[in-house]
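# Observations on the model geometry
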Amino acid sequence: IMAGDSETRLNGQADDTNTVKQPFLIGVSGGTASGKSSVCEKIMELLGQNKIDHHQRQVATLSQDSFYRELTPEQKAKALKGQFNFDHPDAFDNELIMKTLHDIVQGKTVHIPVYDFVTHSRKDEYVTLYPADVVLFEGILMFYTQEIRDLFQMKLFVDTDPDTRLSRRVLRDISERGRELEQVLSQYITFVKPAFEEFCLPTKKYADVIIPRGADNLVAINLIVQHIQDILNGGFSKRQNGYVNSHGTPRQRRPSESSRPH
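Residues numbered from 1 in each chain as written. Predicted model: local features only at pLDDT ≥ 70, side-chain atom pairs only at ≥ 80, totals over all residues. Heavy atoms only, no water.

The name that an unreviewed UniProt entry assigns to the chain is Uridine-cytidine kinase, with the source organism given as Pygocentrus nattereri. Quoted verbatim from the Function (unreviewed entry) field of UniProt, the annotation for the chain is "Phosphorylates uridine and cytidine to uridine monophosphate and cytidine monophosphate. Does not phosphorylate deoxyribonucleosides or purine ribonucleosides. Can use ATP or GTP as a phosphate donor." Word for word, the UniProt comment on the chain under Sequence similarities (unreviewed entry) is "Belongs to the uridine kinase family." (UniProt positions renumbered as here; feature names shortened; annotations may be inferred.)

In structure tokens, the structure reads:
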């Protein structure tokens, strides 16, 4: 989850100007185990950014999972028993998310917390996120808070059927987080599923692009990759033959174009 310096161009030459290029922010939301991280990884792979040194990357990715709040001793005791709701909006440090996003927009290098899902606590380390031209920020509740939602220029919602998400969640929590099957299922029924229906699913309406089947949907992902490539190449703002010009206003209809009522 690191990115290259946005002031370093592809030819390796530093930008002579002192102006900071504002990055294009893309929010990626969807239910638990819907494939949000896989979609981001696939985008990075198709752009070839995963093979570039962290300081040189033009595209960065980070996860809302890094921003879970520090738990009180009582909350941590509940969490270890699978009785804490990590899918509720209050479980996230939204103030830190906002500060991080504002720093990213200003072209600053930021430090991202590292969360330990086994001990339910932040580690005494961080991941450095360098300035980038495009930033992908994924998480189950990225579109829940309007303040955060409004910072994204593009919003993607990864839409995967509940059975697939549950099976992935079970396998992940048992193999990667040392949970017992009974605890995983109990937590899913008690917290995860209700929270998804109450807090995550309603935010699907804010998405600009809905991606069914997650990373398996190569058609949708390739379209998004092409859009990001346009941004990186400067072509997005230069296109004049689409419906939006470089100033974000509708283009003028040519006299030969029909004006249909429907």
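Viewed as axis vectors pointing N to C, helix 5 (residues 162-175) and helix 6 (residues 181-200) meet at an angle of 135 degrees, and their least axial separation amounts to 10 Å. Considered as vectors, helix 5 and helix 6 are oriented oblique to each other. The two elements helix 5 and helix 6 cross, and the hand of that crossing is right-handed. Where helix 5 abuts helix 6, its residues Pro-162, Arg-165, Leu-166, Arg-169, Val-170, Asp-173 and Ile-174 lie against Leu-181, Val-184, Leu-185, Gln-187, Tyr-188, Val-192 and Phe-196. Along the lines of polarity and charge, the residues of the contact of helix 5 with helix 6 split into 10 nonpolar, 1 polar and 3 charged. (Axes fitted to C-alpha atoms, helices over the stretch in contact; angles between N-to-C directions. Helix = DSSP H or I, 4+ residues; strand = E, 2+ residues; numbered from the N terminus. Parallel < 35°, antiparallel > 145°, perpendicular 65-115°, else oblique. Left-handed = near helix turned anticlockwise from the far one by under 90°. Contact = heavy atoms within 4.5 Å. Nonpolar A, V, L, I, M, F, W, Y, C, P; charged D, E, K, R; others polar.)

The next thing to look at is the sheet that holds strand 1 (residues 24-30). Hydrogen bonds along the backbone pair up the strands of a sheet, which may run parallel or antiparallel. Ordered by their spatial adjacency, 5 strands build an open sheet running 2-5-1-6-7, and the pairing between neighbours is parallel. Two strands lie at the open edges of the sheet, namely strand 2 (59-63) and strand 7 (209-212), each paired on one side alone. Within this sheet the neighbouring strands show an average axis-to-axis angle of 20 degrees, counted without direction. One ladder, built from 4 bridges, connects strand 6 (residues 154-159) with strand 7; its direction is parallel. Among the inter-strand pairings, Asp-159 is bridged to a residue of strand 7, identified as Pro-212. (Pairing = 2+ DSSP bridges.)

This paragraph deals with helix 5. Taking 1.5 Å as the rise per residue, helix 5 with 14 residues should run 20 Å; its terminal C-alpha atoms sit 20 Å apart, in good agreement. Listing the buried residues of helix 5 in full gives Arg-165, Arg-169, Val-170 and Asp-173. An end-on view of helix 5 places all buried positions within 135 degrees of arc, on one side of the element. Relative to its buried face, helix 5 has exposed residues pointing more than 90 degrees away, namely Asp-163, Leu-171 and Ser-175. Summarising the contacts, the buried residues of helix 5 are in contact with helix 6. Capping the start of helix 5, Asp-161 holds a side-chain oxygen 3.2 Å from the backbone nitrogen of Asp-163, two or three residues further along. (Expected span 1.5 Å × (residues − 1). Buried < 20%, exposed > 50% of the residue type's maximum accessible area, 1.4 Å probe, protein only. Arc of directions from axis to C-beta. Polar contact = N/O pair within 3.5 Å; in protein donor to acceptor, adjacent residues only side chain to side chain.)

Scanning the entire structure with this criterion turns up 12 salt bridges. Taking the shortest distance from any N to any O, the salt bridge between Arg-69 and Glu-95 comes out at 3.2 Å. Of this pair, Arg-69 sits in the loop between strand 2 and helix 2 (73-80) while Glu-95 sits in helix 3 (residues 94-105), placing them 26 residues apart in sequence. Salt-bridge contacts for Lys-204 lead to Asp-159; the nearest nitrogen and oxygen are separated by 2.8 Å. Placement of the pair is Lys-204 in the loop between helix 6 and strand 7 and Asp-159 in strand 6, with a sequence separation of 45 residues. Take Asp-159: its relative accessible area is 26%, and that puts it in the partly exposed class. (Salt bridge = Lys/Arg side-chain N within 4 Å of Asp/Glu carboxyl O.)

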